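Summary of structural features
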Amino acid sequence: MENSVGSDMFEIGKKFSSFKELQDAINLYEKNFYCNFIKRDSKKLTNVKRILSKSFNEDLIYYSIKYVCYFGNQYRYRSTGIRQKQSLKGNCPVHVYLSVSSDGQQLEVKSVNMAHNHETNEIFFRYLPPQRKLDHKDDLICELISLGANKKLLQSKLQEETGKVITLKSLHNAKTSISKNHNDMDNLYKLLKNDYNFDVKILAGEANNVSAILFLDEGMKKVLSFFPELLLVDATYKLLDSR
């Protein structure tokens, strides 16, 4: 079903002074016309500036970026195709493509198509994964799932408080994710404590997320007793796959 409503929001030549301004417009379109966009084929300014000796507005973040409809074409993967995966993705042609303007100060719409080839309505929109997504870092959700709350009662409570469509599958996935994180920390604690005989302290911050892991072996404790006024710190910040 074709639908080109809202096309004037992203007419060719329209410019945005920052990526935030662009994203706000995308969010507004999604909310008003019941369509989810996905970022596709983007190129960041940081990569382009190494090649082009030109001044850019840093607030743009992207040199070029393309948004496609959630039901648009998918990437082709180099897989054998043996594993079957359910997907709602189709061939919707809707897209918005922008690139940096000639003066390097704005993101300008270069190509746009807002004619959906599928139905767009509020009921169907609310059932799409982006709207049903649960925040696994939410304190209340983590606590209730960790306590083994009845899933149907939890589903009803979350739907009432968030206004989202919550499926039992979403709750199951959230429980799996939270349990995996807890199990990882339990295994790490046991490894350091039992196998290496370390004194271990795991600190948790908001939403029960790990904020620090402290440990001491006998050598460390001995050095600390010699120089109690000296503090040495060695840290790794967001450099690992597990970040």
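As a reminder, the structure under discussion sits directly above these lines.
Rules and cut-offs
Numbers given to residues run from 1 along each chain, matching the order in which its sequence is written. It should be noted that, the model being predicted, local features are given only for residues of pLDDT at least 70 and side-chain atom pairs only at 80 or more, the latter also being counted only at that level, while totals for whole chains, interfaces and linings use all residues. Each side-chain value is derived from all of the structure's non-hydrogen atoms; neither hydrogens nor water enter the calculation. Two strands qualify as a pair provided that DSSP identifies no fewer than 2 bridges between them. In this text, helices come from DSSP runs of H or I with a minimum length of four residues, and strands from runs of E with a minimum of two, each type numbered from the N-terminal end. Contacts: residue pairs with any heavy atoms within 4.5 Å of one another. In this analysis, axes come from line fits to C-alpha atoms, helices being fitted only over the stretch in contact, and the angle between any two N-to-C directions falls in the range 0 to 180 degrees. Note on definitions: salt bridges are taken to be side-chain nitrogens of Lys or Arg within 4 Å of carboxyl oxygens of Asp or Glu. Each residue is placed in one exposure class: buried if its accessible area under a 1.4 Å probe, protein chains only, is under 20% of its type's maximum, exposed if it is over 50%, and partly exposed if it falls in between. The patches reported here contain residues having more than 30% relative accessible area and no salt bridge. Joining distances are 9 Å for like charges and 5 Å for nonpolar side chains (Val, Leu, Ile, Met, Phe, Trp, Tyr). Per-residue and other accessible areas were derived by the Shrake-Rupley procedure at a 1.4 Å probe size, with only the shown protein chains allowed to occlude residues. When the sulfur atoms of two cysteines come within 2.5 Å, that pair is taken as a disulfide. Only Phe, Tyr and Trp rings are paired, with Trp represented by its six-membered ring, and only when their centres lie within 6.5 Å; those with planes under 30 degrees apart are stacked, over 60 edge-to-face, the remainder tilted. Detection works on a 1 Å grid of protein atoms alone, calling trapped sets that fit a 1.4 Å probe cavities and calling open sets with protein on both sides within 12 Å along at least five of seven lines pockets, with lining residues defined by an atom within 4 Å of a point. Grid points are joined across faces, edges and corners, and a volume is the space filled by probe spheres set on the points. Each residue gets one label: Ala, Val, Leu, Ile, Met, Phe, Trp, Tyr, Cys and Pro are nonpolar, Asp, Glu, Lys and Arg are charged, and the others, such as Gly, are polar.

Side note on the sheet that holds strand 1 (residues 15-16)
Strand pairing within a sheet occurs via backbone hydrogen bonds; the two strands may be parallel or antiparallel. The strand order 1-5-4-3-2 describes an open sheet built from five strands, whose pairing is antiparallel. Pairing within the sheet leaves two strands with one partner each, and these edge strands are strand 1 and strand 2 (37-44). Judged from the two bridges that link them, strand 1 and strand 5 (residues 107-113) form a sheet pairing that is antiparallel. What sits directly across from Phe-16, in strand 5, is Leu-107. Contacts between helix 1 (residues 19-33) and the sheet are confined to strand 1, strand 2, strand 3 (62-69), strand 4 (95-100) and strand 5, with strand 3 contributing the most and set at about 5 degrees to the helix.

Some details on the pattern of salt bridges
Side chains that carry opposite charge are capable of pairing whenever their charged atoms lie near each other. The tally for this structure, following the rule as stated, stands at five salt bridges. In this structure, Glu-108 engages Lys-110 in a salt bridge whose closest nitrogen and oxygen atoms are separated by 3.5 Å. The residue Lys-221 makes a salt bridge to Glu-218 at a minimum N-O spacing of 3.1 Å. Remark: Glu-218 and Lys-221 occur in helix 8 (residues 218-226); sequence separation between them is three residues, near one turn of the helix. You can call Lys-221 partly exposed: its relative accessible area is 28%.

Considerations on a nonpolar patch on the surface
Together, Val-210, Ile-213, Phe-215, Leu-216, Met-220 and Leu-224 give the surface a local cluster of nonpolar side chains, amounting to about 440 Å² of exposed area. Residue assignment for the nonpolar patch shows that the elements contributing at least two residues are strand 7 (210-216) and helix 8. Here the element with the most residues in the nonpolar patch is strand 7; it accounts for four residues. Structurally, Val-210 can be placed in strand 7.

Focus: the side chain of Asn-36
Mapped onto the elements, Asn-36 comes out in the loop between helix 1 and strand 2. When near neighbours in sequence (up to four residues on either side) are disregarded, Asn-36 contacts Glu-30, Val-68, Cys-69, Tyr-70, Phe-125, Leu-128, Pro-130 and Gln-131.

Topic: the state of the cysteines
Tallying each qualifying case throughout the model produces zero disulfides. Between Cys-69, a cysteine without a disulfide, and Cys-92, which holds the nearest cysteine sulfur, the sulfur-to-sulfur distance is 3.8 Å.

Some details on the packing of aromatic side chains
Under the defined criterion, the tally for this structure stands at twelve aromatic pairs. The interplanar angle of 85 degrees and the centroid separation of 6.1 Å between the aromatic rings of Phe-56 and Tyr-63 together place this pair among those described as edge-to-face. Connected via pairs of aromatic rings, a cluster forms that spans Phe-10, Phe-16, Tyr-29, Phe-33, Phe-37 and Tyr-67.

Focus: empty space enclosed by the protein
Within the structure shown, the criterion is met by one cavity of 30 Å³ or more. Taken together, Tyr-34, Cys-35, Asn-36, Cys-69, Phe-71, His-118, Glu-119, Thr-120, Asn-121, Phe-124, Phe-125 and Leu-128 make up the lining of the largest cavity. The class makeup of the residues in the lining of the largest cavity is seven nonpolar, four polar and one charged.

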